[in-house]
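Chain by chain, the residues:
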Amino acid sequence: MRSNTVTKRKYFLITIILTFVVLLYIVRTPRNQWREIFGRSGKHVSPRNDDDHGYITEDGVIIDPKRRLDRVLPVSHVFITSAYYYPTSKSLGPNAIALNMVVDSVNFNVENATYNVVGSNGTHQEFSFATSKVEGVPSCRYTTAMAKTSTVANLKKLEMESNGVKVEVVTSHTAGHIIIEFQIPFKLARYSAPKPVIICISPQFVAEQWQMFLMHVHVANRFGGHLHMYITSMIESYFELMKVYERLGYLTLDYWLRMKFTNVETPYFEPNGNIEWRNQAGAETDCLLQYKEAAEYIAFFDMDDILFPASYPTYLEEFNAEWALQPNATSLLYGRREHEFIKARSMFEFSFVELVDSLRSSPTVKRGKVVVKPETYNHTWIHYSWHEDPTTRHNVSFPHLVHVQRPLQKNGENNITQLWKMEFGPLNETIRLEDVRAIEQDYWGIRNITRVFELAKRLPNEDYYLPIVFQCYYDSFYGFIFDGKRRIGPMQCPNADLCELPQRDEYRCVHSDAEYFSGPPMEPFTFHFSSNSFWSKDIGCFQ
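Here is what the cut-offs are and how they apply
Each chain has its residues counted from 1, following the order in which its sequence is written. Residues qualify for local features only when their pLDDT is at least 70, as the model is predicted, and side-chain atom pairs are given and counted only at 80 or more; totals for whole chains, interfaces and linings, by contrast, use all residues. Note that water and hydrogens are dropped before the side-chain values are worked out from all heavy atoms of the structure. Think of it in three bands: with a 1.4 Å probe and only protein chains considered, a residue is buried below 20% of the maximum accessible area for its type, exposed above 50%, and partly exposed in between. Secondary structure elements follow DSSP: runs of H or I no shorter than four residues count as helices, runs of E no shorter than two count as strands, and numbering proceeds from the N terminus. Note: two strands are recorded as paired if DSSP finds a minimum of 2 bridges between them. To form a nonpolar core, buried Ala, Val, Leu, Ile, Met, Phe, Trp, Tyr and Cys residues must be joined to one another through side-chain atoms within 4.5 Å. The positive count covers Lys and Arg only, the negative count covers Asp and Glu only, and His and the chain ends enter neither. Basic side-chain nitrogens of Lys or Arg form a salt bridge, by our definition, when they fall within 4 Å of a carboxyl oxygen of Asp or Glu. Pairs of N or O atoms are called polar contacts if they sit within 3.5 Å, as long as, within protein, a hydrogen donor faces a hydrogen acceptor (for residues adjacent in sequence, only side-chain-to-side-chain pairs). Contacts are assigned to residue pairs that have any heavy atoms within 4.5 Å of one another. Lining residues are those with an atom within 4 Å of a point, where the points come from a 1 Å grid over the protein atoms alone and group into cavities, where a 1.4 Å probe fits but cannot get out, or pockets, open sets with protein on both sides within 12 Å along at least five of seven lines. Grid points are joined across faces, edges and corners, and a volume is the space filled by probe spheres set on the points. Asp, Glu, Lys and Arg are counted as charged, while Ala, Val, Leu, Ile, Met, Phe, Trp, Tyr, Cys and Pro are counted as nonpolar; the rest, among them Gly, fall into the polar class. A pair of cysteine sulfur atoms is labelled a disulfide when the two atoms are within 2.5 Å. Axis angles are defined between N-to-C directions and span 0 to 180 degrees, where every axis is a line fitted to C-alpha atoms and, for a helix, only to the segment in contact. We call two directions roughly parallel when the angle between them is under 35 degrees, roughly antiparallel when it is over 145, roughly perpendicular when it lies between 65 and 115, and oblique otherwise. Confidence scores here are pLDDT values: one per residue, from the predictor, ranging 0 to 100.

On to the pairing of strand 7 (residues 142-150). Extensive coverage of strand 7 is indicated by the burial of seven of its nine residues. Judged from the nine bridges that link them, strand 4 (residues 96-104) and strand 7 form a sheet pairing that is antiparallel. Bridge pairing in strand 7 places Ala 96 opposite Ser 150. Across five bridges, strand 6 (residues 125-135) lies against strand 7 in antiparallel orientation. By the bridge assignment for strand 7, Thr 131 is matched with Lys 148. Count of turn residues in the strand 6/strand 7 antiparallel hairpin: six residues.

Nonpolar side chains in soluble globular proteins tend to be buried together. In terms of nonpolar packing, the biggest core is built from 97 residues, with Phe 213, Tyr 238 and Tyr 245 touching the most fellow members. Tyr 85, Tyr 115, Leu 158 and Phe 529 belong to the second-largest nonpolar core, a separate cluster that totals 27 residues.

Let's shift gears to the side chain of Asp 286. With respect to the helices, strands and loops of the structure, Asp 286 is situated in helix 5 (residues 280-291). One buried charge, Asp 286, has no salt-bridge partner; the nearest side chain with opposite charge is Lys 187, at 5.7 Å. A polar contact is formed between the side chain of Asp 286 and the side chain of Ser 82, at a distance of 2.7 Å. Among residues more than four places away in sequence, those in contact with Asp 286 are Ser 82, Tyr 84, Asn 100, Tyr 230, Asp 254 and Trp 256.

As enumerated under the stated definition, the model contains 22 salt bridges in all. Put simply, Arg 222 and Asp 435 hold a salt bridge, and the shortest N to O gap is 2.9 Å. Taken together, the residues Arg 222 in helix 3 (residues 210-222) and Asp 435 in helix 9 (residues 433-447) connect sequence positions 213 residues apart. The class of Arg 222 is partly exposed, set by a relative accessible area of 36%. For Asp 435, a relative accessible area of 5% corresponds to the buried category.

Moving on, we get to the environment of Tyr 315. For Tyr 315, the position within the fold is in helix 6 (residues 315-325). For the pair Tyr 315 and Phe 223, spaced 92 residues apart in sequence, the C-alpha to C-alpha distance is 5.6 Å.

Attention now goes to the pairing of strand 20 (residues 360-372). Pairing analysis gives two bridges linking strand 17 (residues 297-301) to strand 20, with the strands arranged antiparallel. Directly across from Ala 299, in strand 20, lies its bridge partner Val 371.

Here we come to the environment of Tyr 230. Examined against the element boundaries, Tyr 230 turns out to sit in strand 14 (residues 225-231). Overall, Tyr 230 belongs to the buried group, its relative accessible area being 1%. Sequence separation between Tyr 230 and Cys 287 is 57 residues; the distance between their C-alpha atoms is 9.1 Å. In contact with Tyr 230, not counting residues within four places along its chain, are Ile 201, Ser 202, Pro 203, Gln 204, Asp 254, Tyr 255, Trp 256, Ala 283, Asp 286, Cys 287 and Gln 290. A distance of 2.6 Å separates a polar atom in the side chain of Tyr 230 from a polar atom in the side chain of Asp 286.

Residue placement: Ser 530 occurs in strand 23 (residues 525-536). With residues near it in sequence (within four places) discarded, Ser 530 still touches Phe 79, Pro 185, Leu 257, Ala 514, Glu 515 and Tyr 516.

Over the atoms rolls a probe the size of a water molecule, and its path tells where empty space is left. Within this model, the second largest pocket holds a volume of roughly 530 Å³. Lining the second largest pocket are 31 residues, with Thr 81, Tyr 255, Leu 257, Ser 530 and Ser 533 sitting closest to its centre. Elements with a minimum of two residues in the lining of the second largest pocket: strand 3 (76-86), strand 16 (251-255), helix 5 and strand 23. Per element, the largest residue contribution to the lining of the second largest pocket is six residues, and it comes from strand 3. Residues belonging to the lining of the second largest pocket are distributed by class as follows: 15 nonpolar, ten polar and six charged.

What follows deals with unusual backbone geometry. Along the chain, Phe 398 connects to Pro 399 via a cis peptide bond; the corresponding omega equals 5°. Examined against the element boundaries, Pro 399 turns out to sit in strand 21 (residues 393-409). Cis rather than trans, the peptide bond between Glu 523 and Pro 524 has omega equal to 0°. You can see Pro 524 is positioned in the loop between strand 22 (509-518) and strand 23. At Trp 277, a position not held by glycine, the phi torsion is positive, near 45°. Among the secondary structure elements, Trp 277 is positioned in the loop between strand 16 and helix 5. Judged by its relative accessible area of 10%, Trp 277 is buried. Look at Asn 279: it is not a glycine, yet its phi comes out positive at around 60°.

For the structure shown, the criterion picks out two disulfides. For Cys 140, the disulfide goes to Cys 493, at an S-S distance of 2.0 Å. Torsion about the S-S bond of the Cys 140 and Cys 493 cystine: about 90°, corresponding to right-handed handedness. Note that Cys 140 is positioned in the loop between strand 6 and strand 7 and Cys 493 in the loop between helix 11 (465-482) and strand 22, a separation of 353 residues in sequence.

Our next topic: the packing of helix 3 against helix 4 (residues 236-247). One can describe the packing of helix 3 onto helix 4 by two numbers: an axis separation of 11 Å at closest approach and a directional angle of 10°. As summarised for this structure, helix 3 and helix 4 are arranged roughly parallel, according to the angle between their axes. Across the interface between the two elements, Trp 210, Phe 213, Leu 214, Val 217 and His 218 of helix 3 pack against Tyr 238, Leu 241, Met 242 and Tyr 245 of helix 4. Classifying every residue of the contact of helix 3 with helix 4 gives eight nonpolar, one polar and no charged.

Right, let's talk about the confidence of the model for the chain for a bit. Put simply, the chain has an average pLDDT of 87, and 83% of its residues get 70 or more. Counting contacts from residues 24-51, a segment whose pLDDT is below 50, to residues more than four positions away or on other chains yields 36 contacts.

As a further point, take the sheet that holds strand 17. Spatially, 16-14-13-17-20-19-21-18 is the arrangement adopted by the eight strands of the open sheet, whose pairing is mixed. If you trace the sheet from one side to the other, it starts and ends with strand 16 and strand 18 (305-306), each paired once. By the bridge criterion, two bridges tie strand 18 to strand 21 in an arrangement that is antiparallel. When the bridges of strand 21 are listed, Asp 305 appears paired with His 403. Lying over the sheet, helix 6 contacts strand 13 (197-204), strand 14, strand 17, strand 19 (331-343), strand 20 and strand 21, oriented at roughly 135° with respect to strand 19.

Below, the structure written as C-alpha cells:
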C-alpha cells in the first residue's frame, strides 16, 4: 500500500513540474514566434497551398484557392466606408450618427450587432451603442451594414471603442510634426439638394460606355433628376467629360474606393473580392445617407437603368401621383425591361433621336429598383431593403425602367448577343416625341462647348472592357441565374474583382484613391477606414 502511495505521489509531482515548465515556455515565447508556429489564427497553417484550409500570407490575408470562405476567425474586420452626423433628422432623431460599413459576417451574427461609439464636442463626451442592420447576401463573406445611434450636440470628434481601446491612428502632416488622429472621419449630412429628385448611380468600374451616360444624364435632366455618380475607375477622357457635366450642374461625382487594411495583426479574408458587386449596396446606402434630409425622392439605379415618366412631365409629379395610390408605401418599385440599342462610334455621330429609333424591347422584365422617400429608408440593398415590408412596397405597373444592358456597336462583333440570347421586338415603353426633341437640343448645347468638342476626339470608339467584364459576370453569376447553366460547386459571391482585366496602353484611366488607416487590434471588431480621397491617374484602370 505504501509503495503504491509513493508511486502516485511521484507521478503527481512529475505532472506538476511538467505543467510548470510548459506554462513558463508559453509565457516567455514571443507572440510573433507563436504566429510562426500556429499561424495568425492560432491554428497550424502550412506555408504552402493547403487543399483543406488554404494558407495565410505574411500580411495576414487568408488565401483559399477553392473559395471555401466559411472559416470562423476570432476577429471580424470592419471597413468604415462613411460616417454621417445629423444635427436633426426626420427618421434618425437629433444628433444622430450613421455608420456605413463593410463587415466580415461569418465569424458571428452581425445582424443587430452593437458598436461602441464615443462622440465629443470639446466640452462633453458621450458613450453610446450603435445598432446595425445588414444588407447583403449569404454567399458573400463580407456584408454591407449600417449602424445608427445618437451622440453629443455639435459633434467634433468620433471614435470607436472596445474594452477600453479606442481607434487611434498616428499620421504625419508636416515635416517634423507627428499628429495623433483619434477620430473616425465623418461628414455633416446634406440639408439641401441640387434638385428634389436624386438618382444614385451604382459605382462605375473600368467604365467606358459614354453613350449610355449621355443617354441617362440628359434624360434625367429633362425630367428634373440629378445624378449622383460613384467612380471606382474610368477611362480618362470619359471622366473629363463627366467633369464638364458636373460643372454645369447635371451631376455630382463621388469617390468609390477599394478597401485596404494597412496594419493587421489577426487573419482576414480579402474584402474587395468577397463583397457583393464591389459593395454596391454600400454605395446606395451612402447616397441615401448623404441626401436623407435634403431630397424629396431618392432613386437607386444603375447607369443602364433609365426612366421615362409615362404620365407626367417630371419625376417629382410622377412619383407623387404613384405614392398617392398607396399612401402608406415605403418605396416605389419599377421593374426593368431589357432593351438593346445601337450606339454611335463618336460624339460627332451621336443623336438622341437615332438612339431612341434604334431601341428594341424584350418581353423580359427583371427584378426592379426602388424610388424612396428618404424618411422611409435608413439603409438599402441593391434592389430594395431586405428589412422593408414587401406589402408596403408599391409595384408600379407602368412604365418600366428602360434597361439598356446590351448596347450594340454599329460595326463591332457584339459577342454579348451570342453569349446571352434574348428576343427583342418593337419599343414597348412610352417615350414622347417632344421629350426626344428637347433632349436632342440639350445634348447639342453641351456638344458645342469647346472643351467637349476636344474631349470627343479622345473618347473610345469601340468596346474593350465591356465584353470582358460581361463574360466574367456571365460565368460567375448570370449564366446559371438567368440561363440555367450548370453551376460547379457552391454559390459564389457575385463579384468581378477576380476577373482578369488587362491594362490598356492607349487609354489612361482615372481611379479613386485615398489615405488608408487601420485602428489598433480590437475585439470583436477591428476597424479600418480612409480619409482625404482624391482622383489618381497613377494606378491604372484597376488595382
